[in-house]
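Read off the chains here:
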Amino acid sequence: MNNDELLRRDLAVLWHPCTQMKDHESLPLIPIRRGEGVWLEDFDGNRYLDAISSWWVNLFGHANPSINQAIRDQLERLEHVILAGFGHQPAIELAERLVALTPQPLTRCFYTDNGSSAVEVALKMSFHYWRNHGQPRRTRFISLSGSYHGETLGALAVGDVALYKETYGPLLLEPIIVPSPDAWNREPGERAADVAERRFAAMEAALEQHSGEVCAVIVEPLVQCAGGMRMYDPVYLTRLREACDRHNVHLIADEIAVGFGRTGTLFACEQAGISPDFLCLSKGLTGGYLPLAAVLTSDDVYRAFYDDYTTLRAFLHSHSYTGNPLGCAAALATLDLFEQQPVLERNRQLAAHMGRAFAHLADHPHVGEVRQTGMILAAEMVRDKASREPYPWQERRGLTVYRHALERGALLRPLGNVVYLMPPYVITEAQIDRLAEVASAGITRATTD
Ligand SMILES: *Cc1c(COP(=O)(O)O)cnc(C)c1O
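What you see is a predicted model, and the numbers here were worked out from it, not measured in a lab.

I keep staring at the overall build of the chain and nothing clicks. Help me out?
Scanning the chain from N- to C-terminus turns up 14 helices and 16 strands. Relative to the compact-globule value of 22 Å for 449 residues, the chain shows a C-alpha radius of gyration of 22 Å, a close match. Along the first, second and third principal axes, the C-alpha atoms of the chain reach 65 × 60 × 45 Å. The buried share among the 449 residues of the chain stands at 55%. Contacts in the chain between residues far apart in sequence, at least 24 positions, make up 70% of those at least 6 positions apart. Side-chain charges in the chain split into 42 positive and 55 negative, and the spacing between the mean points of these groups amounts to 2 Å.

The following block contains the structure:
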C-alpha cells in the first residue's frame, strides 16, 4: 500500500471536513499510516512534525504508551454502556477529578461527545435554568466578535467567524455580538489590558440594554483560536465575571481549545482568578485520543433541575456515546500525566523557547505581529506592515505556507493569514527551532509576489 493508492480510494468515497474537495485535484491528500510522539508518517514513509496537535487535541504525543495502555486495559473490561440509569468507574472517577481540578463552584459534570455538543449543552442548560426559575423571557446569548464555539447550529450561531457561519445565517438564532477585546485592535501606545478595559464598555452596555432577556455570556478565555489565534488580556475576564454577577446572567467559558495547559495554566480562567457558571472542555481532555467532552457547572444550576419527574424540569438531553468508558479512560490517563510530570513547568520553558525561536519574525516585512499565550504562538501575515492591511483571503497565502511546510516535513495549517504553532507538549527545543525555520521560509515564500 502506498500514498497514491490510498489517496485514490479516499477521494472516491470520503468527504473531508472543512475542505473544498476540489482543492484535492491539485493538493495531495496525505494518508497517515502511523503516529509517534510529535511525528506522523505517511504510506510512502514521509514524516511530518505535527505542529498543530492534529487540530489542537493532542497533548502528550501520538501513540503515547501510557494512554495506549489505559485504553487497552479499559477495553478488556467495558467498551461502552448506556449512561442513563447506569454508571461506570471511569465516568465517576473522571468527574471527581475534573470537579477537583476546576475552580471552586463547579461541582457537577455532564458528558457529551464533542466540543460543539458541549456548547449546545451549556446554552440549553442556561436557558432552561432561567425557565425553571420562572424567567422564560431570557432567550438570548451574548458573545464576542471573532469568536468560535463549534459548528452545530446552536454553537455556530453564537460564534462569529463569517467563513463558517454566513451561509447558514437563515437557520441560526441571533446572538448579541459585542466587540472582542482582541489586542490586535490596540491603538498606538495602548497595551493589551487597555484594549480589554476599553472594549469592556460595550459588554457592559449590552448587559445593561438587554437586561432580563439574556441567559448567558459565552467566551473563549484568553485566546480566540479559530478566529485567528487572537489574544486578549485576562482583565477582561475579571471584569466580565463581576458584570455577569451584577446583571445576574451566566458566564459560559468555552475552554475546549485552551483548557489543559495550553495557555500556561491548567485552565485559562485561572489567569483571571475567576470561575464560570459553565465550563466546556473537550479536545485535550482525552489527550487527543477519543471524542469526549464535559460541561462542568455549579450546584446552583444542578438544583434548578432537581425535582419530581412530572414537573418536567429535568435536563432531558442525551447523546448515544455519553461518557464513553474508553474516552474516560484516555482522559484519566491524560490527567495522570499532568499529575506525574511537571507538565506546566516544562511548558513554561518550551513556551519561552518558542518565543525566542520566533521573535525574529516580528521584523519580517509582511508579519504584522508575533503573539503568544503559553503554548500557542501566532504570526499574522499582512500586506502592509504599517497599516496592518490584510492580504485578501482569496489569495490564500496561508495555503502556500501549508504546502511549503509539508514539503519540509511539518504540518502547519494556517488559519487564513495566521501562521501558528500549537504543538504537543512533548516537542523538543530543537524541533521548535526547526519549525521556526520552516515557518519563516514559508512566510517569505507566501509573501513574495
Ligand atoms: C474546536 C472548538 C469547538 C468545537 O469542538 P468540536 O469537538 O470540534 O465540535 C468549540 N469551541 C472551541 C473554542 C473550539 O476550539
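What exactly am I supposed to notice about the pattern of salt bridges here?
Close approach of charged atoms lets side chains of opposite charge pair. Throughout the structure, instances matching the rule amount to 32 salt bridges. Two residues, Arg239 and Glu197, come together in a salt bridge whose shortest N-O distance is 2.8 Å. With Arg239 in helix H9 (residues 235-247) and Glu197 in helix H8 (residues 192-209), this residue pair connects regions lying 42 residues apart in the sequence. Between Arg434 and Glu437 there is a salt bridge; the shortest N-O distance is 3.5 Å. Of the two residues, Arg434 and Glu437 both sit in helix H14 (residues 429-447), three residues apart, roughly one turn of that helix. Through salt bridges with shared partners, a single ionic network connects Asp182, Arg186, Arg230, Glu369, Arg371, Glu380 and Arg388.

What's the story with the site of the ligand in this structure? I'm lost.
Within the structure, the ligand sits among Trp56, Asn114, Gly115, Ser116, Tyr148, His149, Gly150, Glu220, Asp254, Ile256, Ala257 and Lys283. Note that an oxygen atom of the ligand is positioned 2.8 Å from one of the backbone N or O atoms of Gly115. A distance of 2.6 Å separates an oxygen atom of the ligand from a polar atom in the side chain of Lys283. Across the complex, the protein chains shield 83% of the 380 Å² of accessible surface that the ligand would expose by itself. Each residue belonging to the shell around the ligand can be placed in one class, and the counts come to four nonpolar, five polar and three charged.

Please clarify how empty space enclosed by the protein should be interpreted in this entry.
If you roll a probe as big as a water molecule over the atoms, it shows you where there is empty space left. Counted under the stated rule, the structure contains one cavity of 30 Å³ or more. Taken as a whole, the largest cavity holds about 40 Å³ of empty space. Taken together, Ser147, Tyr148, His149, Gly150, Leu156, Gly159, Asp160, Val161, Tyr164 and Lys165 make up the lining of the largest cavity. Considered class by class, the residues forming the lining of the largest cavity number four nonpolar, four polar and two charged.

Can you help me understand the pairing of strand S3 (residues 47-50) in this one?
Two faces make up the sheet, and in a regular strand the side chains alternate between them. Bridge analysis of strand S2 (residues 39-42) against S3 gives three bridges, and the strand direction is antiparallel. The partner of Glu41 across the bridge, within S3, is Arg47. In sequence, S2 turns back onto S3 through a hairpin of four residues, with Gly45 there showing a positive phi of about 90°. The pairing of S3 with strand S15 (residues 410-411) spans two bridges and is parallel. Each residue of the ladder has a partner; that of Asp50, found in S15, is Leu411.

Where do I start with the domain arrangement of the chain in this structure?
You can read the domains of the chain as domain 1 (31-63 + 342-447) and domain 2 (69-340). A straight line from the C-alpha centre of domain 1 to that of domain 2 covers 26 Å. Counting residues at the interface gives 34 residues for domain 1 and 28 residues for domain 2. Summing both partners gives a buried area of about 2500 Å² for domain 1 against domain 2, and 63% of it is carried by carbon and sulfur. There are two salt bridges connecting domain 1 and domain 2. Residue Arg230 is joined to Glu380 by a salt bridge in which the shortest nitrogen-to-oxygen separation is 3.0 Å. Across the contact surface, domain 1 and domain 2 share 13 residue pairs in polar contact (both at pLDDT 80 or more). For the side of domain 1 that touches domain 2, the elements supplying multiple residues, two or more each, are helix H2 (53-56), helix H12 (343-358), strand S13 (367-373), strand S14 (376-381) and strand S16 (418-421). Looking at the side of domain 1 that touches domain 2, the element that brings in the most residues is S13, giving five residues.

Would you take a moment to explain the sheet that holds S13 for this structure?
By definition, the strands of a sheet pair up through backbone hydrogen bonds, in either a parallel or an antiparallel sense. The strand order across the open sheet formed by three strands is S13-S14-S16, and the pairing between neighbours is antiparallel. Whereas interior strands pair on both sides, the edge strands pair on one side only; in this sheet they are S13 and S16. Across the sheet, the mean angle from the axis of one strand to that of its neighbour is 15°, orientation sign disregarded. Examined bridge by bridge, S13 and S14 share six bridges and lie antiparallel to one another. Its bridge partner lying in S14, Glu369 is registered against Glu380. The strands touched by H14 within the sheet are S13, S14 and S16, with S14 carrying the most contacts at an inclination of about 20°.

Got a minute to help me understand the packing of helix H13 (residues 397-407) against H14 in this structure?
Packed helix pairs are characterised by how far apart their axes lie and by the angle those axes make with each other. Between H13 and H14, whose axes approach to 8 Å, the crossing angle comes to 135°. Viewed along their axes, H13 and H14 adopt a mutual orientation that is oblique. H14 is crossed by H13, and the crossing has right-handed handedness. Note on element contacts: H14 touches H13 through Val438, Ala441, Gly442, Ile443, Arg445, Ala446 and Thr447, opposite Arg397, Thr400, Val401, His404, Ala405 and Glu407. Broken down by class, the residue content of the contact of H13 with H14 amounts to six nonpolar, four polar and three charged.

Explanation requested: the nonpolar core in the structure shown.
Generally speaking, nonpolar side chains in soluble globular proteins are found buried as a group. Core analysis: the biggest nonpolar cluster contains 114 residues, and Met203, Val217, Met229 and Phe260 have the highest contact counts within it. If you count residues domain by domain, this core takes at least three from each of domain 1 (31-63 + 342-447) and domain 2 (69-340). Residue contacts for Phe260: discarding those within four places in its chain leaves Leu59, Leu98, Leu266, Phe267, Leu281, Ser282, Gly284, Leu285, Leu335, Phe338 and Tyr425. Ala122, Ala155, Val295 and Phe305 belong to the second-largest nonpolar core, a separate cluster that totals 24 residues.

What counts and what doesn't
Here the residue numbers are simple positions, counted from 1 along each chain's written sequence. Given that this is a predicted model, residues contribute local features only at a pLDDT of at least 70 and side-chain atom pairs are listed and counted only at 80 or more, while totals for whole chains, interfaces and linings are drawn from all residues. Calculation of side-chain values draws on the structure's entire complement of heavy atoms; hydrogens and water are dropped beforehand. Counting from the N terminus, the helices are DSSP H or I runs at least four residues long and the strands are E runs at least two residues long. All radius of gyration figures rest on C-alpha atoms, and the globule criterion is 2.2 Å times the number of residues raised to 0.38. Type-normalised accessible area, obtained with a 1.4 Å probe on protein chains alone, sets the label of each residue: buried when under 20%, exposed when over 50%, and partly exposed for intermediate values. Any two residues whose heavy atoms approach within 4.5 Å are treated as being in contact. Residues counted as positive are Lys and Arg, residues counted as negative are Asp and Glu, and His and the chain ends are not counted. Charge positions are represented by NZ for Lys, CZ for Arg, CG for Asp and CD for Glu. Salt bridge, as used here, is a side-chain nitrogen of Lys or Arg placed within 4 Å of a carboxyl oxygen of Asp or Glu. Distances are taken per atom, and a residue is near a molecule or strand as soon as one of its heavy atoms is within 4 Å of it. Side-chain atoms alone can form a polar contact between residues adjacent in sequence; in general such a contact is a pair of N or O atoms within 3.5 Å, and within protein one must be able to donate a hydrogen while the other accepts it. Only the protein chains shown count as covering a residue, and every accessible area follows the Shrake-Rupley method with a 1.4 Å probe. In this classification, the charged set is Asp, Glu, Lys and Arg, the nonpolar set is Ala, Val, Leu, Ile, Met, Phe, Trp, Tyr, Cys and Pro, and all remaining amino acids, among them Gly, are polar. Cavity and pocket criteria rest on a 1 Å grid covering protein atoms alone: a 1.4 Å probe that fits but cannot get out defines a cavity, protein on both sides within 12 Å along at least 5 of 7 lines defines an open pocket, and an atom within 4 Å of a point defines a lining residue. Grid points are joined across faces, edges and corners, and a volume is the space filled by probe spheres set on the points. One requirement defines pairing of two strands: DSSP has to find at least two bridges between them. Those domain boundaries reflect an automatic or database domain assignment. Note: buried area is the sum, over both parts, of the accessible area (probe 1.4 Å) each one loses when the two are combined. Working convention: axes come from line fits to C-alpha atoms, limited for helices to the stretch in contact. Angles between N-to-C directions cover 0 to 180 degrees. The labels follow the angle: roughly parallel below 35 degrees, roughly antiparallel above 145, roughly perpendicular from 65 to 115, and oblique for the rest. Handedness of a crossing is defined here by the sense of rotation of the near helix relative to the far one, left-handed for an anticlockwise turn of less than a right angle and right-handed for a clockwise turn. Residue types Ala, Val, Leu, Ile, Met, Phe, Trp, Tyr and Cys, when buried and joined through side-chain atoms within 4.5 Å, form a set referred to as a nonpolar core.

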